[in-house]
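Report on the structure
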Amino acid sequence: MNRRTKTSSARSLKSRISDLASRFSLSVTLYLDNLKLRNKMILMSVICVLLPIVATNTIFFSMMYYAEKDRQQNEINNTLKSVESTLNNMIRYMTGAAANLYTTKELYSFLDEEYENGYDYLIAYKDNSSLFHKVTFGNNTYISNAQIYCDNDSLVTGGGIYRLDTARDTDWYKRFVLSGSKMAFYPSLESKSDVDKRELSLLCLMDYNFNTSRERIIKLNMNYNYFTRVLNQQYYNADIYICDSERVLFSTADPNKGTKTFIALEEMDFSDARYSTEYDVFGETWNIYLYPDRNMRINAISVLTRHGELFALLVLINMLLPAAAIYFIDRSITRRIIVLSDHLQMVKNEKYVQMDIDPSSDEIGELVQNYNHMVAQIDNMTGVVFKEKIMRQEYELAKQRAELQALYSQINPHFIFNALESIRMRSLLKHETETAKVIEHMAVLMRKSTDWWDDYVTLADEVSFVEAYLKLQQYRFGDRLNYKISICDACPNYLLPKLTLVTFVENACVHGVESVSHDCMVLISAEIEDGFLIIRVEDTGIGMKPSDRDNILKEMREGNMESLRGRRSVGILNACLRLRKHFGDDIVFEIDSEPNMGTCITIKIPLDRIRQTEGGSNDA
């Protein structure tokens, strides 16, 4: 029974695993089926070629990096040991010199002798000076000078021998006595000739003959500049700081070169020091901090710099060659598939064009041949469909023309009414017989407005029509109205929808000039700029509030035929609709207006959408 149960459980588990594997395989297949062919090629290249190559190169680079890191770490450790060795040499030299003085018994007798006068001391100093000069010091040694202090008041200070009472108030003496040490290093700052000079002195209690009745101290002043020069010469490729518990004693990066006081340790921040070690000096701990320069720093760039040729070869073999092979194979497949897809999209848009590519014998080549055969058959069956489509297009054109004619019919009565009203009002006010000239201008207006068969007129003709209208308005307003027309020489031959420019001029006169009592100016200009024909109609009349300006500009840019229904004033919207129908949505309308200052309407028409009469040129 147990054996059967275990067998059944095993079969059930195996069945579930098989079911999960089948579902996973189906999901992957569906996902891949929905990917484009180019993306499939890229995915295959990334998974099968790029990722293994990147993984291999990453492992190799990591090995090289850590090997380089170990090498440079050893170099840093050797540098730190070398710095310790330099300190050892300096300390060994100075302690050896101190030991020579410390163990010279004759020197003790000379120091302890009570001298009756200075002459006796000088005789004794001359006889024992050779004992004192057993220590070698100078510019090229670790010791700059040697000093011996003794509490014998009969001594004469000078020549390296000093009475101890001259040093009892100094900081180095107090610290040395309080420390209880027999030998120690202490820093100090000596001022000579207005130049500060750092000093690091080795102090040694001189009690070799066990005569404790007198206090003697050997003070060997270290040659600070010589030791710093040794550090700079040996470790030019790194910044080294040697510090005690309170200050920076030595630094290869010190800009003061040993002058001025020691830098306090609290003023420095060695938390970012790459390497450091401790050094024991007579029971006191000195810290050595090392900042390597760029050549010693460990990073990926330094590794690449050292092994650049090897990495370039690996990139060439592992990356560029496979990438080139993948590119050409992918191009061979996807290039023709994309062309076939584009032609099938053209079929969707009812355009049947055969593929003109080199024949091939693979599966894609067979698809191309079958496509061309299908297109040839469809092309023979679509004649009727194209005829019906042409008829529909002609119908749409006729409909648009009828809409334009309807717009014209709304404009003409508007102009005629305003012109006649102008003549009537002027005649009533002045009781003059100046109507001949007015009627002449009126005839021009009526002749232009009743010519239905020309949808387009040149800008020059439209400007002449505008000028006739402005003269009628001058007849109405008298001296209150002046105008100026400025047309660039390159503009007159451009074709515009008839009765559009005059609509904007009429708007300037009726809504701008009529509402004010002061003199006004109407300015019409046209120029070519940045690929646009730019027409401006400006007046110095009543102007508009910002809200009114925004509403009108929105209607000019977005209005349609439905917007005209039920409106009393249709001039501006009418003209904008016609301009947009002729030149498309690329045309730009702008309004700049300020209350009681005037209004400027700008029309920008792209040159590639506008035609010219013969003899004109589209070159701006």
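In the block above lies the structure referred to throughout.
1. Side note on the overall build of the protein chain
Looking only at helices and strands, the protein chain features 15 helices and 17 strands. A fraction of 67% describes how many contacts in the protein chain between residues 6 or more apart in sequence connect residues 24 or more apart. If you sum the accessible surface of the protein chain, you get close to 36,600 Å²; carbon and sulfur atoms cover 53% of it.

2. Structural notes on the pattern of salt bridges
Within the structure shown, the criterion is met by 13 salt bridges. One salt bridge in this structure joins Lys219 and Glu199, with 3.7 Å as the shortest N-O distance. Highlighted residues: Lys219 in strand S5 (residues 216–222) and Glu199 in strand S4 (residues 195–205), separated in sequence by 20 residues. Overall, Lys219 belongs to the buried group, its relative accessible area being 3%. Residue classification places Glu199 among the buried positions, given a relative accessible area of 7%.

3. A word on unusual backbone geometry
Even without being a glycine, Phe282 presents a positive backbone phi close to 55°. As for its placement among the helices and strands, Phe282 is situated in the loop between strand S9 (275–281) and strand S10 (284–292).

4. Some thoughts on the pairing of S9
Relative to S10, S9 runs antiparallel, the two being bridged by seven bridges. The residue of S10 that forms the bridge with Val281 is Glu284. Here S9 hands over to S10 after two residues, with Phe282 in that stretch at a positive phi of 55°.

5. What to know about empty space enclosed by the protein
All told, the structure shown has three cavities of 30 Å³ or more when counted by the stated rule. Taken as a whole, the largest cavity encloses approximately 50 Å³ of empty space. Taken together, Leu496, Thr500, Leu501, Phe504, Ile535, Leu579, Ile603 and Ile605 make up the lining of the largest cavity. Classifying every residue of the lining of the largest cavity gives seven nonpolar, one polar and no charged.

6. Focus on the nonpolar core
By size, the foremost hydrophobic cluster in this structure holds 54 residues, and its most contacted members are Leu220 and Ile242. Of the residues forming this core, the biggest block, 11 residues, is contributed by helix H2 (residues 37–102). Apart from the residues within four sequence positions on either side, Leu220 is in contact with Met94, Ala97, Ala98, Leu101, Ile143, Asn145, Ala146, Leu200, Ser201 and Leu202. One finds Val505, Ala526, Ile535 and Met544 within the second-largest nonpolar core, a separate group that totals 44 residues.

7. Observations regarding the packing of helix H14 (residues 546–558) against helix H15 (residues 571–583)
Helix packing for two helices is described by the angle between their axes and how far apart those axes are. In contact at an axis separation of 8 Å, H14 and H15 are set at 35° when each is read in the N-to-C sense. Across from Glu555, Met556, Arg557 and Glu558 in H14, the residues of H15 making contact are Ile572, Leu573, Cys576 and Arg580.

8. Comments concerning the sheet that holds S10
As summarised here, the arrangement of the five strands in space is S8-S7-S6-S10-S9, forming an open sheet in which the pairing is antiparallel. Looking at which strands have only one partner, the edges of the open sheet turn out to be strand S8 (263–264) and S9.

9. Things to note about the pairing of S5
When you tally the buried positions in S5, you get seven out of seven residues, the bulk of the element. Residues of S5 alternate between two faces, with Arg216, Ile218, Leu220 and Met222 on one and Ile217, Lys219 and Asn221 on the opposite face, all of them buried. Examined bridge by bridge, strand S1 (residues 143–150) and S5 share seven bridges and lie antiparallel to one another. Opposite Ile148, over in S5, you have Ile218 as the bridge partner.

10. Section: the packing of aromatic side chains
Under the defined criterion, the tally for this structure stands at 22 aromatic pairs. Centre to centre, the rings of Tyr149 and Trp172 are 5.3 Å apart; their planes meet at 55°, and the pair counts as tilted. Placement of Tyr149 in strand S1 and of Trp172 in helix H5 (residues 171–179) is noted, with a sequence separation of 23 residues between them. The class of Tyr149 is buried, set by a relative accessible area of 8%. Three or more aromatic residues joined by ring pairs make a cluster, and in this case those are Tyr93, Tyr142, Tyr224, Tyr226, Phe227, Phe250 and Phe262. Here Lys219 stacks its cationic end above the ring of Trp172, 5.4 Å away from the centre of that ring.

11. Digging into the packing of helix H13 (residues 501–513) against H15
Orientation of H13 relative to H15, taken along the N-to-C sense of each, is 160°, at an axis distance of 9 Å. By the angle between their directions, the pair H13 and H15 is classed as roughly antiparallel. For the pair H13 and H15, the sense of crossing is left-handed. Residues Thr503, Phe504 and Asn507 of H13 touch H15, and the partners they reach there are Gly571, Ile572, Ala575, Cys576 and Leu579. Of the residues contributing to the contact of H13 with H15, the split by class is five nonpolar, three polar and no charged.

12. Describing the environment of Asp254
As for its placement among the helices and strands, Asp254 is situated in the loop between strand S7 (247–251) and S8. Its relative accessible area of 7% is what places Asp254 among the buried residues. C-alpha of Asp254 to C-alpha of Tyr241: the two residues are 13 residues apart in sequence and 9.0 Å apart in space.

13. Focus on the sheet that holds strand S14 (residues 520–529)
In spatial order, the strands read S12-S14-S15-S17-S16; together these five strands make up an open sheet with mixed pairing. The open sheet has two edge strands, strand S12 (481–487) and strand S16 (588–594), and neither has a second partner. For this sheet, the mean angle separating the axes of adjacent strands, direction not counted, is 10°. Docked against the sheet, H14 engages S16 and strand S17 (598–606), running at close to 165° with respect to S16.

14. Re the side chain of Ser593
Structurally, the position occupied by Ser593 is in strand S16. Look at Ser593 and you get buried, because its relative accessible area is 7%. Of note is the side chain of Ser593, whose polar atom sits 2.8 Å from the backbone nitrogen of Met544. Among the polar contacts made by the side chain of Ser593, one reaches the main-chain carbonyl oxygen of Gly598 at a distance of 3.2 Å.

15. So, a nonpolar patch on the surface
Taken together, the side chains of Leu313, Leu316, Ile317, Leu320 and Leu321 present a nonpolar region at the surface, about 460 Å² in accessible area. As for its position among the elements, Leu316 is in helix H8 (residues 308–348).

What counts, and where the lines are drawn
Residues numbered from 1 in each chain as written. Predicted model: local features only at pLDDT ≥ 70, side-chain atom pairs only at ≥ 80, totals over all residues. Heavy atoms only, no water. Helix = DSSP H or I, 4+ residues; strand = E, 2+ residues; numbered from the N terminus. Contact = heavy atoms within 4.5 Å. Areas by Shrake-Rupley, 256 points an atom, 1.4 Å probe, with all protein chains shown as cover. Salt bridge = Lys/Arg side-chain N within 4 Å of Asp/Glu carboxyl O. Buried < 20%, exposed > 50% of the residue type's maximum accessible area, 1.4 Å probe, protein only. Pairing = 2+ DSSP bridges. 1 Å grid on protein atoms, 1.4 Å probe; cavity = no way out; pocket = protein on both sides within 12 Å on 5 of 7 lines; lining within 4 Å. Points joined across faces, edges and corners; volume = space filled by probe spheres on them. Nonpolar A, V, L, I, M, F, W, Y, C, P; charged D, E, K, R; others polar. Core = buried A, V, L, I, M, F, W, Y, C linked by side-chain atoms within 4.5 Å. Axes fitted to C-alpha atoms, helices over the stretch in contact; angles between N-to-C directions. Phe/Tyr/Trp six-rings, centres within 6.5 Å; stacked < 30°, edge-to-face > 60°. Lys NZ or Arg CZ within 6 Å of the ring centre and 35° of its normal. Parallel < 35°, antiparallel > 145°, perpendicular 65-115°, else oblique. Left-handed = near helix turned anticlockwise from the far one by under 90°. Polar contact = N/O pair within 3.5 Å; in protein donor to acceptor, adjacent residues only side chain to side chain. Patch = residues over 30% accessible without salt bridge, like charges linked within 9 Å, V, L, I, M, F, W, Y side chains within 5 Å.

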